[in-house]
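# Secondary and tertiary structure notes
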Amino acid sequence: MSKVLDIETFKDLRGFFYEELSCLNKKSLVPVTDEVVVYSSDVLESYLLRPDLYKDALGLNLLQAELLREDQQKQVYKDVADTALILVGYFSQSINSKIISHDYYVKIGQMAYKRMDSVYPDYLDVPGFYRILSQSFEGLTTLMRIFSQKNIQDPFKHLLIEDVSDSEMLMRGIAQNTSKKAS
C-alpha cells in the first residue's frame, strides 16, 4: 500500500516538513533540537523549488563574504549554509554525481553557519543557534536525506540498509554489532 498525502491536513509545506522531520527525529538515537527541525522546515519550504540552487560557487561566496559589511555577511552566510544544507540533505543523490564531493558541501555548510553565528547568533530566542546548527549539520542532513528518499521514491525504501553510512545507521537507530559470536 502506498502512502497517500492528504494535502488538506497541512496548511503549508512548512507544517508538512516539520511533522515529517519531527517524526524521523524522534526515532533517531542522536536527535537534533526542535528549533533545528523548525529552522530546517523553513529552509525546505523556501529552497525546494528554487531553480537557481546550483548556480552559485558556495566556497567563493563564503570567502568573499569576509569583505562585506556585517548585514551583508549575514545574508551571504545564510544563503551559502542553507543551500549546502538542501544539497547535502534533500538533494544528496544529485551531488553524488558532481565533481565536488559531499564532504566539501558539509564543510562549507558547517563553516557558513558557524560564521553566521558570529554576526547573528540568535534564532527563536536560542543563543548560539547557528553554532548549534553547524554542530548538528550532519545529523540534520541525514534526517533530510531519509525524508527525501522516503517521500520521493518508494515510501518504504528508507527502511532498506544497503548503501547506508555508519552515521546514517545510527540516525536510524541501528547499531552495528561488533562482537563476535562464540561457536
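What you see is a predicted model; the values in this text were computed from it and never measured. Within each chain, residue numbers correspond to sequence positions counted from 1 in written order. Owing to the predicted nature of the model, reporting of local features is limited to residues with pLDDT of at least 70; listing and counting of side-chain atom pairs is limited to 80 or more, with chain, interface and lining totals taken over all residues. Side-chain figures throughout are based on the complete set of non-hydrogen atoms in the structure, without hydrogens or water.

## Description of the nonpolar core
The set of buried Ala, Val, Leu, Ile, Met, Phe, Trp, Tyr and Cys residues whose side-chain atoms join them within 4.5 Å is what this entry labels a nonpolar core. For every residue, the accessible area (1.4 Å probe, protein chains only) is compared with the maximum for its type, and the residue is labelled buried under 20%, exposed over 50%, or partly exposed between those bounds. Grouped together as the largest cluster of nonpolar side chains are 44 residues, with contacts concentrated most on Tyr39, Leu44, Tyr113, Phe129, Tyr130, Leu133 and Phe147. Starting at the N terminus, helices and strands are each numbered in turn, a helix being any DSSP run of H or I of at least four residues and a strand any DSSP run of E of at least two. When residues of this core are traced back to their parent elements, those giving at least two are α1 (13-27), α2 (34-47), α3 (58-64), α4 (70-89), α6 (102-119), α7 (129-135) and α8 (137-152). The greatest single-element share of this core, amounting to nine residues, is contributed by α4. Should any heavy atoms of two residues lie within 4.5 Å, those residues are counted as being in contact. Setting aside chain neighbours within four positions, we find Phe129 in contact with Glu35, Val36, Tyr39, Asp117, Pro121, Asp122 and Tyr123.

## Let's talk about the pattern of salt bridges
Throughout this description, the term salt bridge denotes a Lys or Arg side-chain nitrogen within 4 Å of a carboxyl oxygen of Asp or Glu. Here the structure, examined in full by the defined rule, presents five salt bridges. For Glu45, the salt bridge goes to Arg14, with nearest N and O atoms at 2.6 Å. Here the residue Glu45 occupies a position in helix α2, and Arg14 occupies one in helix α1, the gap between them amounting to 31 residues. On the basis of relative accessibility, which here comes to 36%, the residue Arg14 falls in the partly exposed class. A salt bridge links Asp82 to Lys78, with the shortest nitrogen-to-oxygen separation between them at 2.7 Å. Highlighted residues: Asp82 and Lys78, both in helix α4, separated by four residues, approximately one helical turn.

## Description of the packing of aromatic side chains
Centres within 6.5 Å are what make two rings of Phe, Tyr or Trp a pair, Trp counting through its six-membered ring; a difference in plane orientation under 30 degrees is then read as stacked, over 60 as edge-to-face, and the rest as tilted. Within the structure shown, the criterion is met by 16 aromatic pairs. Centre to centre, the rings of Tyr113 and Tyr130 are 6.2 Å apart; their planes meet at 20 degrees, and the pair counts as stacked. Of the two residues, Tyr113 sits in helix α6 while Tyr130 sits in helix α7, which places them 17 residues apart along the sequence. Each member of the pair Tyr113 and Tyr130 is classed as buried. These aromatic residues form a ring-pair network of at least three members: Tyr39, Tyr113, Tyr120, Tyr123, Phe129, Tyr130 and Phe137. Positioned above the aromatic ring of Tyr120 is the side chain of Lys74, whose terminal nitrogen or guanidinium carbon lies 3.7 Å from the ring centre. A ring is considered to have a charge above it if a Lys NZ or an Arg CZ atom is located within 6 Å of its centre and within 35 degrees of its normal.

## Details of unusual backbone geometry
A positive phi angle, near 55 degrees, is found at Leu124, a position not held by glycine. Locating Leu124 in the fold gives a position in the loop between α6 and α7. Residue class for Leu124 comes out partly exposed when judged on its relative accessible area of 48%. With a phi close to 60 degrees, Asp125 is a non-glycine residue in the positive phi region. Locating Asp125 in the fold gives a position in the loop between α6 and α7. With relative accessibility at 76%, the residue Asp125 sits in the exposed group.

## Considering α1
Each turn of an α-helix holds 3.6 residues, which means side chains three or four residues apart point in the same direction. Compared with an ideal rise of 1.5 Å per residue, which puts 15 residues at 21 Å, α1 spans 22 Å between its outermost C-alpha atoms and is within 8% of the ideal. Every buried residue of α1 is listed here: Phe16, Phe17, Glu20, Leu21, Ser22, Leu24 and Asn25. Helices are assigned an expected span. That span is 1.5 Å times one less than the residue count.

## Digging into the confidence of the model for the protein chain
In this model, the protein chain carries an average pLDDT of 80, and 69% of its residues clear a pLDDT of 70 or more. One confidence number per residue, pLDDT, is output by the predictor and ranges from 0 to 100. Put simply, helix α9 (residues 166-171) is where the protein chain has its lowest mean pLDDT, 62, and α7 is where it has its highest, 95. Note that residues 1-10 has pLDDT below 50 and, in this model, eleven contacts with residues that lie over four places away or in other chains. Note on residues 155-161: pLDDT is under 50 here. Beyond four places in sequence and across chains, it has eleven contacts.

## Some thoughts on the side chain of Asp82
With relative accessibility at 1%, the residue Asp82 sits in the buried group. Pairs of N or O atoms within 3.5 Å make up the polar contacts considered here, provided that, within protein, one atom can donate a hydrogen while the other can accept it, and that residues adjacent in sequence are counted only when both atoms are side-chain atoms. Within the local environment of Asp82, its side chain forms a polar contact with the side chain of Tyr113, the two groups lying 2.5 Å apart. In contact with Asp82, other than residues within four places in its own chain, are Tyr39, Val43, Tyr47 and Tyr113.

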